[in-house]
Amino acid sequence: MNHDLQLTPLTRTADLLAWAAEHGYEPVPEEALRTVLTLLELGGAPMHEGFPELSSPLLEQLLYEQLYLYVQPASEPEAYGRAVRLLVDHQRAGRRLNAKRQAKLHAEAEWQGELLCDLLRRPHLVTWPRLYTLLLRADGVDTTDAAAVSAWLEEFRELTEDQRIACFGWLEEQGLLEPVQGDEGWNRARMLSVGMATDGARLLLENRLMQRSYRNLAGLNALGLPMPGELSGDFEDFEAVVAAEALRLCGEWTVPGLPELLVTEFAELAPEPGTEEIEEYLAGTEA
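Let me begin by describing the structure that accompanies this report. (Residues numbered from 1 in each chain as written. Predicted model: local features only at pLDDT ≥ 70, side-chain atom pairs only at ≥ 80, totals over all residues. Heavy atoms only, no water.)

**Brief notes about the overall build of the chain**
Put simply, the rule is: Strands are runs of DSSP state E lasting at least two residues, helices are runs of H or I lasting at least four, and both sets are numbered from the N terminus onward. Throughout, exposure labels follow a simple rule: accessible area from a 1.4 Å probe, protein chains only, divided by the maximum for the residue type, with under 20% read as buried, over 50% as exposed, and the rest as partly exposed. Here, two residues are considered to be in contact whenever any of their heavy atoms come within 4.5 Å of each other. We get accessible surface area from the Shrake-Rupley algorithm with a probe of 1.4 Å; when it comes to residues, only the shown protein chains can shield them.
Within the chain, the secondary structure is distributed over 13 helices and two strands. By the burial criterion, 44% of the 287 residues in the chain qualify as buried. Residue pairs in contact within the chain that sit at least 24 positions apart in sequence constitute 72% of those at least 6 positions apart. Just so you have it, the chain exposes about 14300 Å², and 51% of that area is on carbon and sulfur atoms.

Written out as structure tokens, the structure reads:
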């Protein structure tokens, strides 16, 4: 991570966990809480003493519109809703919410957290990093071992396209993803959809990283201080750092290093269609 560019929030996850333990709240997994705090800040949530301030629109944006784009939890998908409720309680304890607003946000976080658990199981909403994370875990791969992850991808690349598609369908058979009623399975349309979702999710994250960097570095101009090298030279340098950080974060929320592998060394396993390919497919469906 490039700290000079201030791309990624340095969340106060440890402080919030310590506060929760001190006041007897139900434990929340650190990874889920850090993800919630990171995405809220990147989503433009107002900050108070280093913590995002929740509102109904921000809560819905997080639980209903964002998290399923990025996370593939190994367990406890309901932990994200619990993390949001803990933040609500912390906000209330700091007298930044009244009891009525606390109850309202609690209720919204509870039912939208349950909805998130359902969204994470819908096959037409997955991205390539999430899909391959499911396959790696189901095959018993140690996802903390980068060499083991690469070796598994090498073996998967040796399969025929039909065999790989059968593996995606197997996830539904095992109950790891829900079958879609009336769906035609892992056909070309589904594959295009996964590729477009992956590209869109990553671009959204890159844009928010850029926006945060610009906001935080505006003060440097006001003080007459020099910009970091990536911003004082060609814009491509900044774009490259942002793209790398977005891939790192996507790996933090799935399998470390996996998203980068899927756009570099193993790009053929995770195709992201371009405009021409999409238009060609649409023309074929209309013919």
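From this point, things continue past the structure.
**A short note on helix α4 (residues 79-93)**
Basically, it comes down to this: Residue count minus one, scaled by 1.5 Å, sets the expected span of a helix.
An ideal rise of 1.5 Å per residue puts 21 Å on 15 residues; α4 measures up with 21 Å between its terminal C-alpha atoms. When you tally the buried positions in α4, you get 13 out of 15 residues, the bulk of the element. Within two residues after α4, Arg95 carries a phi angle of roughly 60°, on the positive side.

**Here we look at the pattern of salt bridges**
When the charged atoms of two side chains lie near each other, side chains of opposite charge can form a pair. Short version of the rule: Whenever a carboxyl oxygen of Asp or Glu lies within 4 Å of a side-chain nitrogen of Lys or Arg, that contact is scored as a salt bridge.
Here the structure, examined in full by the defined rule, presents 16 salt bridges. A salt bridge links Arg202 to Asp199; the nearest nitrogen and oxygen atoms lie 3.7 Å apart. Of this pair, Arg202 and Asp199 both sit in helix α9 (residues 188-223), separated by three residues, roughly a single helical turn. A residue is classified by how much of its surface remains accessible, and Arg202, at 15% relative accessible area, is buried. Across the pair Arg248 and Glu252 runs a salt bridge, and its minimum N-O distance is 3.1 Å. Separated by four residues within a single helix, Arg248 and Glu252 lie in helix α11 (residues 235-252), roughly one turn from each other.

**Considerations on empty space enclosed by the protein**
Note the cut-off: Two kinds of site are reported from a 1 Å grid over the protein atoms alone, namely cavities, where a 1.4 Å probe fits but cannot get out, and pockets, open sets with protein on both sides within 12 Å along at least five of seven lines, and residues are called lining when an atom falls within 4 Å of a point. Grid points are joined across faces, edges and corners, and a volume is the space filled by probe spheres set on the points. Put simply, Ala, Val, Leu, Ile, Met, Phe, Trp, Tyr, Cys and Pro go in the nonpolar bin, Asp, Glu, Lys and Arg in the charged bin, and everything else, Gly too, in the polar bin.
Counted under the stated rule, the structure contains two cavities of 30 Å³ or more. Each pocket or cavity is described by its volume, and for the largest cavity that value is around 120 Å³. Forming the boundary of the largest cavity are 16 residues, of which Thr127, Pro129, Thr198, Cys250 and Pro259 lie nearest the centre. Listing elements by their share of the lining of the largest cavity, those giving two or more residues are α3 (56-70), α6 (128-138), α9, α11 and α12 (258-263). Taken together, the residues of the lining of the largest cavity break down into eleven nonpolar, three polar and two charged. Within this model, the second largest cavity holds a volume of roughly 40 Å³. Leu39, Leu42, Gly43, Gln66, Tyr70, Leu204, Leu205 and Arg208 together form the lining of the second largest cavity. Elements represented by at least two residues in the lining of the second largest cavity include exactly α2 (30-42), α3 and α9. For the lining of the second largest cavity, the per-class residue count stands at five nonpolar, two polar and one charged.

**A short note on the packing of α6 against helix α7 (residues 146-157)**
Two measures define how a pair of helices packs: the angle their axes make with one another and the distance between the axes. Our working definition: Helix axes are fitted to C-alpha atoms over the stretch in contact, other axes to C-alpha atoms as well, and angles between N-to-C directions run from 0 to 180 degrees. Should an angle fall under 35 degrees it is called roughly parallel, over 145 degrees roughly antiparallel, and 65 to 115 degrees roughly perpendicular, with every other angle called oblique.
The interhelical angle for the contact between α6 and α7, taken along N-to-C directions, is 100°, at an axis separation of 11 Å. Taken together, α6 and α7 sit at an angle that is classed as roughly perpendicular. Every residue of α7 that contacts α6 at Tyr132, Leu135 and Leu136 is listed here: Val149, Trp152, Leu153 and Phe156. Grouping the constituent residues of the contact of α6 with α7 by class yields seven nonpolar, no polar and no charged.

**Some details on the packing of α2 against α3**
Definition in use: The handedness criterion is simple: a crossing whose near helix is rotated anticlockwise from the far helix by less than a right angle is left-handed, and one whose near helix is rotated clockwise is right-handed.
It is the contact of α2 with α3, at a shortest axis distance of 10 Å, that shows an interaxial angle of 115°. Classed by the angle they form, the pair α2 and α3 counts as roughly perpendicular. Like other packed secondary-structure pairs, α2 and α3 cross with a definite hand, here right-handed. Judged by residue contacts, Thr35, Val36, Leu39 and Leu40 of α2 engage Leu58, Leu62, Gln66, Leu67 and Tyr70 from α3.

**Considering the side chain of Thr133**
As for its position among the elements, Thr133 is in helix α6. The contact partners of Thr133, leaving out residues within four places of it in the chain, are Gln72, Thr254, Val255 and Leu258.

**Comments concerning the environment of Trp128**
Stated formally: As used in this structure description, the phrase polar contact means that two N or O atoms lie within 3.5 Å; if the pair is within protein, one of them must be able to donate a hydrogen and the other to accept it, and residues adjacent in sequence are counted only when both atoms belong to side chains.
With respect to the secondary-structure elements, Trp128 resides in helix α6. A relative accessible area of 1% means that Trp128 is categorised as buried. Trp128 has contacts with Phe168, Met191, Val194, Gly195, Thr198, Leu262, Leu269, Ala270 and Pro271, leaving out every residue within four places of it along the chain. Within the structure, Trp128 has its side chain in polar contact with the backbone oxygen of Pro271 (distance 2.9 Å).

**Examining the nonpolar core**
One broad trend across soluble globular proteins is that nonpolar side chains are buried collectively. This is how it is decided: In plain words, nonpolar cores are sets of buried Ala, Val, Leu, Ile, Met, Phe, Trp, Tyr and Cys residues tied together by side-chain atoms within 4.5 Å.
Counting 48 residues, the largest nonpolar core has Leu63, Tyr70, Val84 and Leu205 as its most contacted members. For this core, the secondary-structure elements that each account for two or more residues are α1 (13-22), α2, α3, α4, α5 (99-119), α9 and α11. Looking at which element gives the most residues to this core, the answer is α3, with eight residues. Core analysis: the next-biggest nonpolar cluster, separate from the first, contains 25 residues, Tyr132, Val149, Val194 and Leu261 among them.

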